[in-house]
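Below are the chains, spelled out letter by letter.
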Amino acid sequence: MAGPVLPPEREGSPTPADLTARRKSIAAMIAAQQAPLAVTPQQAVLGGISVLRFRPEGAHEGALVHFHGGGFRVGSPHAQAPYHAALAEACRVEIIVPWYRLAPEHPFPAALVDALTVVSALRGTIGEAPLIVAGDSAGGGLAAGVGILAQHGEPRIDGILLHSPWLDLSVTAPAFTDNTASDPLFSQTSAEIAAESYLQGIDARHPLASPLFAGIDRFPPSLITVGTGEVLRDDSIRFHEKLRAADMTSELLAIDDMEHCAVTRSMELVGAIETFARSIAFVAAVRSG
C-alpha cells in the first residue's frame, strides 16, 4: 500500500487581530502561572526547529516527542510544562515539545512538516533507542499524521500516545451534537473555524490532515485517551476501531466526565490521574519492547 504524500507548502493568511490578542493573552497567563517543575526544561533546536526539552537527571532511555494542542492556531510548549516535566520524571524518558508553525499564517501541511522534521532529526540523534510520538487535541492529529507518514519509510516510531486527538477535520461526527452541552472547551463552531484556518482549501478528508481517513497497515502500537463527553469522542473511538480492524495494537481509555485533554491541564481534573498512570505504563511497555 502506497502511503499519502505531503502536499506543497503554501502561503497563508494574515493573522486576525482577535487571534493575535488571544495568543498574547494565553502567553501572559502561562507566564503568570510558572512554578518550579520536577524537570527544568531547556530550549534547543532539532532539525532547525525550536523545541523545549525535558531531560530528567540521571539515567534515562529513549525519547518522547509531544505536539501541543490549540486548534493548530494557538499554544506553545510552555503551556503544558507541568505535565511534560512530571511525565519525564515518572518515565525516565526525555520529552521534546516543538514550536511548530501555526495557522492561518502557516496552513496545512506546515505544522505536519515541522512535526516530521523534528521526529526524523531526533531519531538521527538517539539511534535505536525507543521513540514515542505523542500529542493532545490538534497535536494528537499531528502525532497520528507522523505515524501515517512513517508507515512506509523513516523515521522508525515505536509507539504513539494520543490524548483527546482531533483526527477528523470534517467536523461531522455525531459527538459534536451529542456532547455539545458536556464539552466546555471545544465546540462544533470553534472546530469549523479552526479547521478552515488550518486547511485553507485543502479537502478536510485529506489523510494527512485527518488521519481517520488514512490507510493503515504498519501503524505503531498506540494508546488513545478521551472523555466520553467530549465533542472529539468519536475521533478517538473510530480511530481505535480502525487500528484494531487493521490488526494494529491499540488501547482506548475512555473515561466518563473527563474533560478535553484533562491530563495535560491539571491532575485535579476527573480522569487525569488514571490517564497519567496508564500513560506511564504505556511508555514503559514501549521501552521494554
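In short, a report on the structure. It should be emphasised that the depicted structure is a prediction, and the values quoted were computed from it without experimental measurement.

The secondary structure content of the protein chain amounts to nine helices and eight strands. A globule of 289 residues ought to have a C-alpha radius of gyration of about 19 Å, and the protein chain, at 17 Å, matches this closely. Dimensions along the principal axes, computed over C-alpha positions, put the protein chain at roughly 50 × 45 × 40 Å. Each of the 289 residues in the protein chain was classed as buried or not, and the buried ones make up 53%. Pairs at least 24 residues apart make up 79% of the contacts formed inside the protein chain by residues separated by at least 6 positions. For the protein chain, the centre of its 20 positive side-chain charges and the centre of its 31 negative side-chain charges are spaced 4 Å apart.

Turning our attention to unusual backbone geometry. The omega torsion across A103 and P104 is 10°, close enough to zero to call that bond cis. Locating P104 in the fold gives a position in the loop between strand 4 (94–98) and helix 3 (110–126). For the bond from F108 to P109, the omega torsion is 15°, close enough to zero to count as cis. Position of P109 relative to the elements: it lies in the loop between strand 4 and helix 3. Of note, the phi angle at S137 is positive, near 55°, even though the residue is not glycine.

Counting buried positions along strand 4 gives five out of five residues, so the element sits mostly inside the fold. The two faces of strand 4 match: E94, I96 and P98 on one face and I95 and V97 on the other face are all buried. Pairing geometry for strand 2 (residues 49–54) and strand 4, over four bridges, is antiparallel. Within the sheet, the bridge partner assigned to R53 lies in strand 4 and is I96. Summarising the sheet, strand 3 (residues 63–67) and strand 4 pair through three bridges and their orientation is parallel. What sits directly across from L64, in strand 4, is I95.

Okay, the pattern of salt bridges next. Inspection of the entire model under this criterion finds 14 salt bridges. Salt-bridge contacts for R55 lead to E94; the nearest nitrogen and oxygen are separated by 3.2 Å. Note that R55 is positioned in the loop between strand 2 and strand 3 and E94 in strand 4, a separation of 39 residues in sequence. Judged by its relative accessible area of 46%, R55 is partly exposed. Each of R123, E128, R156 and D158 takes part in salt bridges that share partners, so that together they form one network.

This brings us to the sheet that holds strand 4. With respect to topology, eight strands assemble into an open sheet ordered 1-2-4-3-5-6-7-8, the strand pairing being mixed. Two strands close off the open sheet at either side, each with one partner strand: strand 1 (42–46) and strand 8 (250–255). Adjacent strand axes in the sheet meet at a mean angle of 20° when their direction is disregarded. Sitting on the sheet, helix 7 (residues 233–245) touches strand 6 (159–163), strand 7 (222–227) and strand 8, and the angle it makes with strand 7 is about 155°.

So, about the nonpolar core. F67, W166, L169, Y198, F219 and F239 are the most contacted members of the largest nonpolar core, which totals 57 residues. When contributions to this core are tallied by element, the ones reaching two or more residues are strand 2, strand 3, helix 3, strand 5 (131–136), helix 4 (138–149), strand 6, helix 6 (188–199) and helix 7. Core analysis: the next-biggest nonpolar cluster, separate from the first, contains 22 residues, Y83, L87, V97 and V263 among them.

The subject of this paragraph is the packing of aromatic side chains. Using the criterion set out here, one finds six aromatic pairs in the structure. Ring centres 6.4 Å apart and planes at 70° place the aromatic pair Y83 and F276 in the edge-to-face group. Separated by 193 residues along the polypeptide, Y83 in helix 2 (residues 81–91) and F276 in helix 9 (residues 272–288) bring together distant segments of the chain. Per residue, the accessibility class of Y83 equals that of F276, and both read buried. On the numbers, 5.4 Å between centres and 85° between planes, the contact of W166 with F186 is edge-to-face. Of this pair, W166 sits in the loop between strand 6 and helix 5 (175–178) while F186 is found in the loop between helix 5 and helix 6, placing the two residues 20 residues apart along the sequence. Each member of the pair, W166 together with F186, is buried.

The first and last C-alpha atoms of helix 3 sit 25 Å apart over 17 residues, in line with the 24 Å expected at 1.5 Å per residue. For helix 3, every residue scored as buried is listed here: A110, A111, L112, V113, D114, A115, L116, V118, V119, L122 and R123. Within two residues after helix 3, G127 carries a phi angle of roughly 65°, on the positive side.

This part is about the side chain of S164. Inspection of the secondary structure puts S164 in the loop between strand 6 and helix 5. Among the polar contacts made by the side chain of S164, one reaches the side chain of E230 at a distance of 2.8 Å.

About the criteria used
Residues numbered from 1 in each chain as written. Predicted model: local features only at pLDDT ≥ 70, side-chain atom pairs only at ≥ 80, totals over all residues. Heavy atoms only, no water. Helix = DSSP H or I, 4+ residues; strand = E, 2+ residues; numbered from the N terminus. Rg over C-alpha atoms; globule rule 2.2 N^0.38 Å. Buried < 20%, exposed > 50% of the residue type's maximum accessible area, 1.4 Å probe, protein only. Contact = heavy atoms within 4.5 Å. Lys, Arg positive; Asp, Glu negative; His and termini not counted. Charge placed at Lys NZ, Arg CZ, Asp CG, Glu CD. Pairing = 2+ DSSP bridges. Salt bridge = Lys/Arg side-chain N within 4 Å of Asp/Glu carboxyl O. Axes fitted to C-alpha atoms, helices over the stretch in contact; angles between N-to-C directions. Core = buried A, V, L, I, M, F, W, Y, C linked by side-chain atoms within 4.5 Å. Phe/Tyr/Trp six-rings, centres within 6.5 Å; stacked < 30°, edge-to-face > 60°. Expected span 1.5 Å × (residues − 1). Polar contact = N/O pair within 3.5 Å; in protein donor to acceptor, adjacent residues only side chain to side chain.

Take it as geometry only, folks, not as evidence of what the structure does.
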